[in-house]
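Next come the chains, spelled out residue by residue.
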Amino acid sequence: MGAALARAAQWTAAGSGTGTLEITPLNESLLNQITKFVEDFSARHPLEAAFVFKEPLEWKTQLDCSAFGNGYEITEATVQSEAKAKDGQSLLLLTKSTLRVRSFDQLSCVLQIAMEKKLKEVQSCLEANRDPIVQILGPEYGTVEGEDRSLLHLLEKVKKGGDPETEVKMKILLLLHQLDLQLLNSSLKQISQGVRLNPGAVSNEVNLLKDFSGEGEDTVLESLEYTSDYVFSNGCRAPPWRQVHGEICYLVINPHDTDPLCITCSTAGVFLNGGQIDSKELIDYERKSDVYKDIVTFLRERSPKFVENMAKQEYRFFKEPTYKKNFQHMGVVEAKVSGQSQSLHDFTENKVGEKVKSSALRRSIEKKKLEPSMNWKNAGLSVLRR
């Protein structure tokens with residue numbers, strides 16, 4: 001689970017400790033799969049579900065004391081489970097808004113209690129515990145880059161006749177690794193199916209929208225401007241430290257019927273950011289909306305007037321350039337005149353080749369005419385003899 005959270009999940013901040021999971025289809029898919037894994041864990045693996053975590057998973061919950069029932073000791077300010085560890089500590093403890101859970105069995109119970117809030121609970125738990133396996137099994141089992149030998153160490157302990165707890169640990173570690181692979185494969189599939197933007201596509205869309213923006217009731221937008229005039233050699237306008245997150249540029253859009261919108265165009269799509277701050281010199285890069293495939297799709301969700309005026313302009317907006325059609329027509333006519341199915345390029349190339357060959361042949365003949373030959377002499381003698 002730790003590898004998938006580190007490599008596949010999309011966070012609002014780089015690095016660990018401060019970020020939150022962004023509102024994206026990919027993250028929602030990951031959360032749904034993790035939720036199902038935890039919900040089914042007790043029924044599918046009852047022995048492993050009873051295993052007591054090395055340290056509790058702790059997060060801020062939206063559940064209050066009244067949500068808990070049988071199996072819990074409830075007071076005005078706290079809830080604790082009747083099930084306890086060997087050291088006498090409760091496997092679940094809720095104090096004010098802080099929830100501490102020490103087994104998969106109790107995690108499953110929390111999700112059952114949360115009902116429609118279960119995805120939010122899983123999200124809060126993962127944001128507070130970026131590498132959950134550390135709390136579950138201990139720091140020596142944390143996610144690492146490169147070769148992970150923690151499973152091999154456990155296997156060696158089992159071979160040497162380790163205690164039953166070691167076998168349970170190994171089973172849990174295998175199950176979590178299996179979940180990690182499932183999440184990574186699912187993420188890779190979803191990402192590969194997505195259409196990624198590039199600086200050229202964004203620039204073309206911006207220029208096209210600008211052509212249909214300005215004053216007047218029928219324009220699609222009042223204005224559309226980049227926040228930066230500087231363009232890097234790769235076509236991006238975002239600063240280099242934001243380009244590493246796939247960001248291409250930032251736009252300030254003024255629709256006819258809403259407040260100004262500050263958006264981010266990235267390789268993953270288009271989304272609303274936190275807007276310009278400090279006299280428009282800085283941008284709050286945090287995502288504030290869902291991700292859309294392009295600017296037009298984003299604006300369709302934000303501005304009814306944009307949708308209305310786009311309907312009026314749609315033929316002109318998506319119309320193929322006239323010069324392109326004329327060029328294609330000329331190509332067809334030329335091919336028909338030649339009586340062949342060749343392209344204009346091939347036709348011209350062949351004609352040039354024929355001219356070169358004809359010229360070469362003519363020069364060869366002329367050269368032969370000028371060369372002295374005994375045949376001329378013989379021919380002349382034969383005439384005299386006649």
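Residues numbered from 1 in each chain as written. Predicted model: local features only at pLDDT ≥ 70, side-chain atom pairs only at ≥ 80, totals over all residues. Heavy atoms only, no water.

This part takes up the overall build of the chain. When its secondary structure is counted, the chain shows 15 helices and 11 strands. For the chain, with 386 residues in total, the buried portion stands at 37%. In the chain, of all internal contacts separated by at least 6 residues, the share reaching a separation of at least 24 is 54%. Split by element, the accessible area of the chain, about 23600 Å² in all, is 53% carbon and sulfur. (Helix = DSSP H or I, 4+ residues; strand = E, 2+ residues; numbered from the N terminus. Buried < 20%, exposed > 50% of the residue type's maximum accessible area, 1.4 Å probe, protein only. Contact = heavy atoms within 4.5 Å. Areas by Shrake-Rupley, 256 points an atom, 1.4 Å probe, with all protein chains shown as cover.)

Residues L224 and Y226 of strand β6 (residues 223–226) are buried on one face, while the alternating residues S223 and E225, pointing to the opposite face, are not. Here four bridges tie β6 to strand β7 (residues 247–254), and the two strands are oriented antiparallel to one another. Looking at the pairing, S223 lines up with N254 of β7. (Pairing = 2+ DSSP bridges.)

What follows is about the sheet that holds strand β8 (residues 261–266). Sheet architecture is open: four strands sit in the order β6-β7-β8-β9, paired in antiparallel fashion. Pairing within the sheet leaves two strands with one partner each, and these edge strands are β6 and β9 (269–272). In this sheet, neighbouring strand axes are inclined to one another by 25° on average, regardless of whether the strands run parallel or antiparallel. Relative to the sheet, helix α9 (residues 199–211) contacts β6, β7 and β8, its axis offset from that of β6 by approximately 145°. Sheet contacts for helix α11 (residues 295–302): β7, β8 and β9; angle to β8, the most-contacted strand, approximately 150°. (Axes fitted to C-alpha atoms, helices over the stretch in contact; angles between N-to-C directions.)

The sheet built from five strands is open, its strands ordered β1-β5-β4-β3-β2 with antiparallel pairing. Looking along the sheet, the strands with just one partner apiece sit at the ends: β1 (57–60) and β2 (72–74). Pairwise comparison of adjacent strand axes, ignoring direction, gives a mean angle of 10° for this sheet.

Let us now look at the environment of E55. Note that E55 resides in the loop between α3 (46–49) and β1. For the pair E55 and R102, spaced 47 residues apart in sequence, the C-alpha to C-alpha distance is 6.8 Å.

With that settled, the discussion passes to the packing of helix α2 (residues 25–44) against helix α5 (residues 118–128). Relative to each other, α2 and α5 sit at 95°, their axes nearing to 10 Å. The orientation of α2 relative to α5 falls into the category roughly perpendicular. Residue-level contacts link L31, N32, I34, T35 and E39 of α2 to K118, L119, V122, Q123 and L126 of α5. Considering only residue class, the contact of α2 with α5 consists of five nonpolar, three polar and two charged. (Parallel < 35°, antiparallel > 145°, perpendicular 65-115°, else oblique. Nonpolar A, V, L, I, M, F, W, Y, C, P; charged D, E, K, R; others polar.)

Right, let's talk about α9 for a bit. The terminal C-alpha atoms of α9 lie 19 Å apart, and with 13 residues this matches the ideal 18 Å at 1.5 Å per residue to within 8%. Residues V202, E205, V206 and L209 constitute the buried set of α9. For α9, the arc enclosing every buried residue in end-on projection is 100°, short of the 170-degree limit, so these residues lie on one face. Exposed positions of α9 whose direction lies more than 90 degrees from the buried face are N204 and D211. Its side-chain oxygen placed 3.1 Å from the backbone nitrogen of G200, N198 serves as the N-cap of α9. (Expected span 1.5 Å × (residues − 1). Arc of directions from axis to C-beta. Polar contact = N/O pair within 3.5 Å; in protein donor to acceptor, adjacent residues only side chain to side chain.)

By secondary structure assignment, the location of H45 is in the loop between α2 and α3. Those residues in contact with H45 that lie beyond four places of it in its chain are K171 and L175.

Moving on: the confidence of the model for the chain. Looking at the chain as a whole, the pLDDT averages 79, with 71% of positions reaching at least 70. Contacts for the low-pLDDT stretch residues 320–386, under 50 throughout, to residues beyond four places or in other chains number 10 contacts. (pLDDT = per-residue confidence, 0-100.)

Moving on: the packing of aromatic side chains. Inspection of the entire model under this criterion finds seven aromatic pairs. Through a chain of ring-to-ring contacts, three or more aromatic side chains come together here, namely F37, F41, F53 and F104. Above the ring of Y226, the side-chain terminus of R237 is found at 3.6 Å from the ring centroid. Seen from the ring of Y285, R242 lies directly overhead, with NZ or CZ sitting 4.3 Å from the centre. (Phe/Tyr/Trp six-rings, centres within 6.5 Å; stacked < 30°, edge-to-face > 60°. Lys NZ or Arg CZ within 6 Å of the ring centre and 35° of its normal.)

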